[in-house]
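Breakdown of the fold
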Amino acid sequence: MTSRLYSFVRALSASGRVGLGFVTFWLLIAIFAPIIAPYSIGEFVDRTVFSGWSNAYWLGTDFLGRDVLSRLMWGARYTVLLALGAAILAVTIGTSLALFAAIRGGWIDEVLSRIMDTLISMPSKILALVLVAAFGSSLTLLLAIAAFTYVPGNFRIARALAMNLIALDFVQVARARGEGTAYIAWREVLPNMIHPLLADMGLRFVFIVLLLSGLSFLGLGVQPPYADLGSLVRENVSGLTEGALAIIAPAIAIATLTVGANLLIDALKPGGKA
Amino acid sequence: SGAPKEVPRRGGLVRVAGHASSTSDTLDPAKGATTLDYVRHHMLYSGLTCFEDDSLVPSLSLARAIETDDRITWHIDLQRGVQFHDGSELTAQDVVHSLLRHKDPELGSKVAFVAEQFAEVRSEGRFGVVIRLTGANADLPNLLAVSHMLIVKAGQQKPDGTGSGPFRLEEFNPAVRTILVRNGEYWIPDRPKLDRVELIAIPDEVSRVNALLSGDVHMINAVNPRSVRRIHADPNYRTMITPSSLFTNLIMRQDSLPTGNPDFVQAVKLMLDRPLINRAIFSDYAVIANDQPIAPFQPYYNANVPQTLLDTDKARWHVQRSGLTGVRLPVYCSTAATGSVDMASILQEYGSRVGLNFAVNRMPADGYWSTHWMRHPMTFGNTNPRPTADLLFSMFFASNADSNESGWKNERFDRLLVEARAGGDETLRAEMYGEMQQMIHDQCGVAIPVFLSFIDGYDRRLKGLRSVPLGAFGGYRFAEYAWWDE
Amino acid sequence: MARTASSRPAWFGVVPLILYRVGSALLTLFLVSAVVFTISGLLPGDAAQEILGQSATPEQIQVLRHEMGLDRPAWTRYFEWLVSIIAGDPGMSYVANMPVAEIISDRLPNTLKLAGITAVVSVVTALTIGVVGAINRGGRIDKTLNVVTLSLVATPEFLVATLGVLLFSVTLLWLPSISLVNEDASWGEMLRSLALPIMSLTSVVVAQMARMTRAAVADQLDRPYVEMARLKGVPFSRIVLFHVLPNAIGPIVNAMALSLSYLFGGALIVETIFNYPGLASLMVNAVTSRDMPLLQSCAMIFCGTYLTMVLVADVIAILANPRLRA
Amino acid sequence: MTAPAKDIAVEVRDLDIVLNTPGGSRKVIVEDISFAVPKGEVLALIGESGSGKTTIALALMGYSRFGADITANCLRVGDLHIDRLSQSELPTVRGRRISYIAQSAASAFNPSRTIMSQVIEPLLVHGLADRKTAEEKAVALFSALALPSPETIGSRYPHQVSGGQLQRVMAAMALITEPELVILDEPTTALDVTTQVEVLKTIKSALKQSGATAIYVSHDLAVVAQVADRIVVLKDGHLCEDGAVGKILHDPDSDYTRSLLTAVQPQQRPDAEAAPDNVLTVGSVDAGYGRIKAGKPAIPVLRDVSFSIRRGAALGVIGESGSGKSTLARVIAGLLPATSGEIRLGDTLLAPAMARRTREQLRRVQIVFQHADTALNPSHSVEEILTRPLAFYYGMKGAEARARVDELLDLTRLPKDIVKRRSSELSGGQKQRVNLARALAANPDVLICDEVTSALDTVVAAAVLDLIDNLRRDLGIATIFISHDISTARAFCDDLLVLYAGRLVELASRDRFASETQHPYTRLLVESVPELDTGWLARKSALAPPSLSGQGASSDTLCPFLSRCPVAIGGVCDTLPPPRQEQAGQIVICHREWNQLSIDPLRTGS
Ligand SMILES: Nc1ncnc2c1ncn2[C@@H]1O[C@H](COP(=O)(O)OP(=O)(O)OP(=O)(O)O)[C@@H](O)[C@H]1O
Ligand SMILES: Nc1ncnc2c1ncn2[C@@H]1O[C@H](COP(=O)(O)OP(=O)(O)OP(=O)(O)O)[C@@H](O)[C@H]1O
Ligand SMILES: [Mg+2]
Ligand SMILES: [Mg+2]
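Since the model is a prediction, treat every value here as computed from it, not as a measurement. (Residues numbered from 1 in each chain as written. Chains lettered and ligands numbered in written order. Predicted model: local features only at pLDDT ≥ 70, side-chain atom pairs only at ≥ 80, totals over all residues. Heavy atoms only, no water.)

What follows concerns the overall build of chain C. Scanning chain C for helices and strands turns up 15 helices and zero strands. Judged by the C-alpha coordinates and their principal axes, chain C covers about 85 × 60 × 35 Å. For chain C, buried positions account for 53% of its 326 residues. With an accessible surface of roughly 13600 Å², chain C has 68% of that area assigned to carbon and sulfur atoms. Positive and negative side-chain charges of chain C, numbering 21 and 20 respectively, have mean locations separated by a distance of 20 Å. (Helix = DSSP H or I, 4+ residues; strand = E, 2+ residues; numbered from the N terminus. Buried < 20%, exposed > 50% of the residue type's maximum accessible area, 1.4 Å probe, protein only. Areas by Shrake-Rupley, 256 points an atom, 1.4 Å probe, with all protein chains shown as cover. Lys, Arg positive; Asp, Glu negative; His and termini not counted. Charge placed at Lys NZ, Arg CZ, Asp CG, Glu CD.)

Further remarks concern the interface of chain A and chain C. Across the boundary between the two partners, chain A contributes 44 residues, which contact 45 residues of chain C. Counting each side, the surface lost to burial between chain A and chain C is near 3700 Å², with a carbon and sulfur contribution of 77%. It is Arg114(A), Ile126(A) and Phe217(A) in chain A that bury the most area against chain C; as a group they hold 15% of the surface buried on that side. Where chain A touches chain C, the interface holds one salt bridge. Between Glu157(C) and Lys125(A) there is a salt bridge, with the nearest N and O atoms lying 3.1 Å from each other. (Contact = heavy atoms within 4.5 Å. Buried area = accessible area lost by both parts, 1.4 Å probe. Salt bridge = Lys/Arg side-chain N within 4 Å of Asp/Glu carboxyl O.)

All names here are of chain D. Around ligand 1, 13 residues are found, and the nearest of them are Ser49, Gly50, Lys53, Thr54 and Thr55. Serine 49 places a side-chain nitrogen or oxygen 2.4 Å from an oxygen atom of ligand 1. Contact distances for ligand 1 include 2.3 Å between an oxygen atom and a side-chain N or O atom of threonine 55. Considered on its own, ligand 1 offers 640 Å² of accessible surface; in the complex 64% of this is hidden by protein. (Near = heavy atom within 4 Å. Polar contact = N/O pair within 3.5 Å; in protein donor to acceptor, adjacent residues only side chain to side chain.)

Right, let's talk about the packing of aromatic side chains for a bit. Pairs of aromatic rings are described using the distance from one ring centre to the other and the angle between the two planes. For the coordinates displayed, the defined rule picks out 24 aromatic pairs over all chains. Considering the side-chain rings of Phe393(B) and Phe413(B), the 5.6 Å spacing of their centres and the 80° angle between planes classify their relative orientation as edge-to-face. Of this pair, Phe393(B) sits in helix H12 (residues 389–396) while Phe413(B) sits in helix H13 (residues 411–422), and the two are 20 residues apart along the sequence. With a centroid separation of 5.1 Å and 85° between ring planes, the pair formed by Tyr500(D) and Phe561(D) is classed as edge-to-face. Of the two residues, Tyr500(D) sits in strand E20 (residues 495–500) while Phe561(D) sits in the loop between helix H22 (536–541) and strand E22 (580–583), which places them 61 residues apart along the sequence. Judged on exposure class, the residue Tyr500(D) and its partner Phe561(D) are both buried. The residue whose ring lies beneath Arg472(D) is Phe492(D), and the NZ or CZ to ring-centre distance is 5.7 Å. (Phe/Tyr/Trp six-rings, centres within 6.5 Å; stacked < 30°, edge-to-face > 60°. Lys NZ or Arg CZ within 6 Å of the ring centre and 35° of its normal.)

Further remarks concern the pattern of salt bridges. Applying the stated criterion to the full structure yields 76 salt bridges over all chains. Here the salt bridges share partners, and the residues they tie into one network are Asp62(A), Arg66(A), Arg71(A) and Glu235(A).

This part covers the environment of Ile332(D). One can find Ile332(D) in helix H12 (residues 325–333). Separated by 22 residues in sequence, Ile332(D) and Met354(D) have C-alpha atoms that sit 9.3 Å apart.

Residue and element names in this part refer to chain D. In this model, helix H17 (residues 428–441) (14 residues) spans 20 Å end to end at C-alpha, consistent with the 20 Å of a helix rising 1.5 Å per residue. With 12 of its 14 residues buried, H17 lies for the most part within the structure. Considered for burial, the residues of H17 that qualify are Gly429, Lys431, Gln432, Arg433, Val434, Asn435, Leu436, Ala437, Arg438, Ala439, Leu440 and Ala441. Positive phi appears at asparagine 443, one or two residues downstream of H17, with a value of about 55°. (Expected span 1.5 Å × (residues − 1).)

This next bit is on the site of ligand 2. Residue and element names in this part refer to chain D. Near ligand 2 there are 13 residues, and of these Ser321, Gly322, Lys325, Ser326 and Thr327 occur at the shortest range. For ligand 2, an oxygen atom lies 2.8 Å from a polar atom in the backbone of glycine 322. Expressed as a share of its isolated accessible area of 640 Å², the protein-covered part of ligand 2 is 73%. Every element with two or more residues in the shell around ligand 2 is listed here: strand E13 (296–310) and H12. Examining the composition of the shell around ligand 2, we find that three residues originate from one element, H12, more than from any other.

This part is about the interface of chain A and chain B. The interface of chain A with chain B comprises 27 residues on the first partner and 22 residues on the second. Counting each side, the surface lost to burial between chain A and chain B is near 2100 Å², with a carbon and sulfur contribution of 54%. Of all residues in chain A, Phe44(A), Leu64(A) and Pro224(A) bury the most surface against chain B, accounting for 26% of the area lost on that side. Joining chain A to chain B, the criterion identifies one salt bridge. In this structure, Asp204(B) and Arg234(A) form a salt bridge, with 2.9 Å as the shortest nitrogen-oxygen distance. Summed over the shared surface of chain A and chain B, the number is three residue pairs in polar contact (both at pLDDT 80 or more). Among the residues making up the side of chain A that touches chain B, the classes are represented as 12 nonpolar, nine polar and six charged. (Nonpolar A, V, L, I, M, F, W, Y, C, P; charged D, E, K, R; others polar.)

The next subject is helix H6 (residues 131–144) of chain D. For an α-helix the count is 3.6 residues per turn, leaving residues at separations of three or four pointing the same way. All names here are of chain D. Helix length check: H6, at 14 residues, gives a terminal C-alpha distance of 20 Å against a target of 20 Å (1.5 Å per residue), a fit within 8%. By the burial criterion, the buried members of H6 are Ala134, Ala138, Val139, Leu141 and Phe142. Projected down its long axis, H6 carries its buried residues within an arc of 165°, all on one side. Positive backbone phi, at 60°, marks alanine 146, one or two positions downstream of H6. (Arc of directions from axis to C-beta.)

On to the confidence of the model for chain C. With 91% of its residues at a pLDDT of at least 70, chain C reaches an overall mean of 82. Here residues 1–12 of chain C is a poorly scored stretch, pLDDT under 50, and it has 12 contacts once near neighbours within four places are set aside; other chains count. (pLDDT = per-residue confidence, 0-100.)

Moving on, we get to the packing of helix H5 (residues 100–135) of chain C against helix H6 (residues 140–154) of chain C. All names here are of chain C. H6 packs onto H5 with a crossing angle of 145° between their chain directions and a minimal axis gap of 8 Å. Every pair of crossing elements has a handedness; the one defined by H5 and H6 is left-handed. On H6, the residues touching Ile129, Val132 and Gly133 of H5 are Ile141, Asp142, Leu145 and Thr149. Looking at the contact of H5 with H6, its residues break down into four nonpolar, two polar and one charged. (Axes fitted to C-alpha atoms, helices over the stretch in contact; angles between N-to-C directions. Left-handed = near helix turned anticlockwise from the far one by under 90°.)

Another aspect to go through is the sheet that holds strand E11 (residues 238–244) of chain D. Residues and elements named next belong to chain D. Read across the sheet, six strands follow the order E7-E8-E9-E3-E10-E11 without closing on themselves; strand pairing throughout is mixed. On the outer flanks of this sheet lie strand E7 (98–101) and E11, each paired with one strand and no other. When the angles between neighbouring strand axes are averaged without regard to direction, this sheet yields 15°. Bridge count for strand E8 (residues 181–185) against strand E9 (residues 213–218) is five bridges, and the pairing is parallel. Each residue of the ladder has a partner; that of isoleucine 183, found in E9, is isoleucine 215. (Pairing = 2+ DSSP bridges.)

Right, here's the structure in full:
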């Protein structure tokens, strides 16, 4: 196990390793936030708002006088877990449908493709606005919206990949052997799509992080006092002119998370070994 | 301060940014719903009375005189020689039309409930108007000063901006902009000073402040208290901070549980850290309130009601008595109710200290008022200043009021409200209003932590502004007096 | 190639192919209309309630609802709406008491203007970045461009916009912080007032387009015909322009269509920050006031735009490919 | 070796091409290469795949594919020292003084530009002519290269002309600037034998006319024998032998060259003692692609194909590319349902569509695809690949399955330690063996091998062939051997089936096939296979070239070969469907009398 991990890391390019580093870092923060955050997320720790670095508050305080470091850790938790969950959900649904469409072909393919076109053509933020207005904001809804928004995109890519694979001889061999759709999809086609799908999932992950931050700009994000990284940037935006850590820290967090994820994805692409 | 008194000059092109606009922006005063609507209406039309300063006592405007003996029948004498923008003369007919149209259910006037008090409105000669009310109301001149009561041209069912106000309409594009130019024939001499005013809306606060600081607009409203420091950092910009009776309150419905539990209500009032709310959310630009809606600087304020202070021990005791320890309590808030989201965060935090488990539900501003406000046991409300205590009480606290936010019912309160409305002896009236404040403070299911201030930001060169505690932009009437000092 | 395409009906040739695409776009648009109608029906409350406000009595609301026809079954309203949309008349706005067409025709030019200029700017930028990156693939310039574009996508757009305003408007006083569009403004003024919105939107869309361009061009650069052209002594710039780009155009326009369609509905945040009177904020307004005719029309425009862009991209790709054109 | 009296046009001395990887390691691709080409002569570079032929050829243009370093004591073309030219000078030489003809014309042409614009591009970029004169020159070259409708072919796109034509268009593109040196990189390898002959002829005469020096890269000695004056034999990046054609062909110095020479003539395998019963019978099968309307596919491919095969026998299916060989395989396997006709396995009638066949029936017919690369799922290990059919058909699991896998590996002579590897970790020959082992795992009665050796080097291919041959003898498997390589098929199979445009034109036992009696198309095929004889092409050239107007039968019922047939009988062949003539186990579908079939029409003319 460790040796596989080691060889995996070794096979990465330098920028891939940087990406892996960022992603691992934020993943760890996300997982352990409840344990390592020095304060609770809503605690008013200081009378001064937007205070700078201090021993007690490493990243200062936010616009209400709460500890930025703690909020950042919780924010990372929400962002990473939500986006990861949504990305996995989107890719799972999109890819399953795509495999089904590609292998069955014919009218099933046509109908699914049209439905996906329909979904992809709706502007996601406005759709989110309507859905939140309709159902109220909740983590589940956010997750659903984010996943829903990116299912069609994944479907398109997965379908194209599957189409190319299905034309290959080894699928013909399986067919000639008499294998069923499920076996072909699951055992013959899917394993060969894993890399591009992972890359796609990484890309969706980045997009979802950004979508979530856009949604929090519109006031549709995670419920207070909890916050995702985008909400943290947004709620502290009045500190921007003072260069408050409260806004810089979450902005950097988003940037390192998304850039890191992208670098990692790039390194994972077939061209980049691994 | 030793500077010589400056002489107002004529001229100036000013762009003003409000905080909201929509496709339902209107030229009809009866339907005004946003700050910019009110500003626009006050610029286009004149009213019978108006508020000119922070005294909250109405002055005469189109009415030269208002007289009454019984506070039921009122005689109004109109100014002579007032012209509408199209040149026609303003007469009693126009006033009768303007007042009576609010009673038309088709119109959907925002002050229909006030107009219900008009038993009769008729002209008396070319410039005399008689208003007979259904019951005595000493506050009629105050009521006539609001923008909805502005005078439009007789016969106009859909007013098109032709009024007798200080500005003429040049362009009106709902949700985009309104351009108004000086009315050279304004019936008050030497007014207005500004040549041209453009009204736009910038809903995003940060953008609004940025627009001011980059010189793209010259006046803005609804400045976040946290942005005041930013504006002051630049010597070219000022703020006008008008303490007001505007408040954001936590509503606890008395007709549902657990909010109907008096111990719970008491606990919540006791665990509000009002100084923290004032400091953290409003940068100390608010005024600590006492769970009743009359602000210290308003007429009839009862200073004898003891101030509720933060007392977590007592609050915890109440919580235990109510048996609600650990119960999950959803609270609905929204940016639609200024500051409520942050207040909810604070509530949640302090709640956890006294054993209450609040779950914050931030709702989109869109649809908040129609779908959430008052519809759940615990929601936040936001109440704008009203020109009279009577109006405030009858709209939000009377048992039968539509917007009786907490569903509070008190017979004595209702009786006092009608008695006080009739007026007569001012000391008696003050006593009655005082008792009503105490009742709300003690028993009503609303917690009012602070009174907010209107904070307008403006370009240093914009002069002659007056603050009126009834609304932003100098009680919506800044354009009447403002001038531009190049 | 013939094998992967075998799921498509066999009648090749460009006209039927394009007709087929148009047909499926129309079908999609029809599906879209149903979805739009359903989703807008999910919204709580309705226009009658919003118009009359809090103080309205239930009877008043009922009357108005009946007048507006809101009390009829959803599918009747859907078909009436569909018929009128097909007839080209989106109806009257519930709230503004104006024909929807008029409200939209006020805003549409703004959105088109912003989207159009941004499209030009971002396409040129993306092509440049993509081609330069592809030519130097693996090299230092490529890596730098990669990280730069990545960082651009990685920054939330409201932050990009706000930083832009703080820098260019508030601090430097170079550009207006809000876009005040005037019909009678000169081109220069207009560009100045649109500069920041364009910049923000460009930063959102350019990265993805540049990356796709790079991938498409790099893919073509590895083809044997490029080597052949080099061995013919064709200068590299000519190879890129005349050999590679025409072949890469299909995937590039496809990626661009996807990205550029964002400029319509996705401009919401930029419209909010710069107070730009475009369609996205109009649609949000319609959501707020439950102005269904307006809401549905906006939604149809957005979806229609998307479908048109993808269709145009498809057609370009078909036309650029002589195999399909034949 | 002393230079002949003639001018030396190309001189290469001590050429090394080394790839420096970013990791710092060095990979030597070719080393110590020296040769010289006199002006106007053709030098052939031959060797197996990967021996560095292309790399050397490209080095003469100062070009290396993957950034490898080219160093040489001398790298001279005419008066140009290629190794001393700067990066900015090289493009002025390429395409002007040295030009290149790539292996695959299909991919070397830009698919989205017209032929004309690409052919004249060298003239235009070097500023040698204006567009109009350039186009005139191109048209002249088109007709010189015997391209059909030379005036208009330029406005077509690459996909609109056939492979052989495209290869000649590329020759036109190379010759249009009248270069001193032309490099031809396997210009005919991707072509059918019949087409290859034509292309060879035209290229050879065009070279002669232009007087250019040429370097001809090929792996095929027989082809090289026709065009080259000198041959350089390469092995693993080293020069193995260098000499005049006659010397290399008849009296090679190195063993390696000798092994190459023997591989060219595959040795005939004895007939198998096949059982008399037919294991597979195909009866007048029709099939095609696209939507099926009224029982006819939109793109009909196979028409009225019938044959049968006995247990343990090998049937070779030969024909040009696109003649429907693979389609036939797919039809038998049921991957592509036949639209009419019947397929019997033993006595049972098989359903046309695979989905309707029983698992047992599917098991008994196994297909081995041409490209082992794509036929093996890259994400499966060898073990997974081999155990799946065992589990699927026999429900075998665990130790039993492992034992059987071992057995299969033995059978295909694969080392045991490869079971955990994935296909990307196998060599080409190993892949093809695994591919074969998978089919054998099913214990089939019929094994369809579709071009299983085409992608392999001759030596490796011979080993795989041996294997299949042994298996069918030992296990009694009936083998359908699809190939475009006539000599291999002939050496390997008991019977041969010739397809033309989806139709069977001849079916004969090996002896009869080699006899004088042949369908005119079969004759053309067989005669087109180059021989290891420098005069072969010259002899062919003396004959009337048959037209190459492509396939596409004029009608469903007439002879498909009619438009190309040199001996077509006017008034008969173009009005009546060709009759089926059968004699002594040989079936020929042709109008010509049986005794007429043995007369070589190419020699006699018609
Ligand atoms: N992209 C590459 N990177 C590294 N090495 C390569 C690359 N391409 C080819 N080589 C190596 O260079 C050597 C020579 O290749 P070259 O293409 O010249 O062979 P060739 O004789 O033309 O073979 P073929 O008959 O297959 O065309 C081979 O051993 C090959 O492994
Ligand atoms: N999936 C398909 N859809 C449509 N036409 C096809 C398809 N596959 C093959 N064809 C056509 O059917 C004909 C026969 O193809 P097939 O692959 O059987 O030829 P082949 O004899 O195996 O050729 P090669 O030697 O090149 O492998 C060709 O004209 C080809 O273009
Ligand atoms: Mg080669
Ligand atoms: Mg084939």
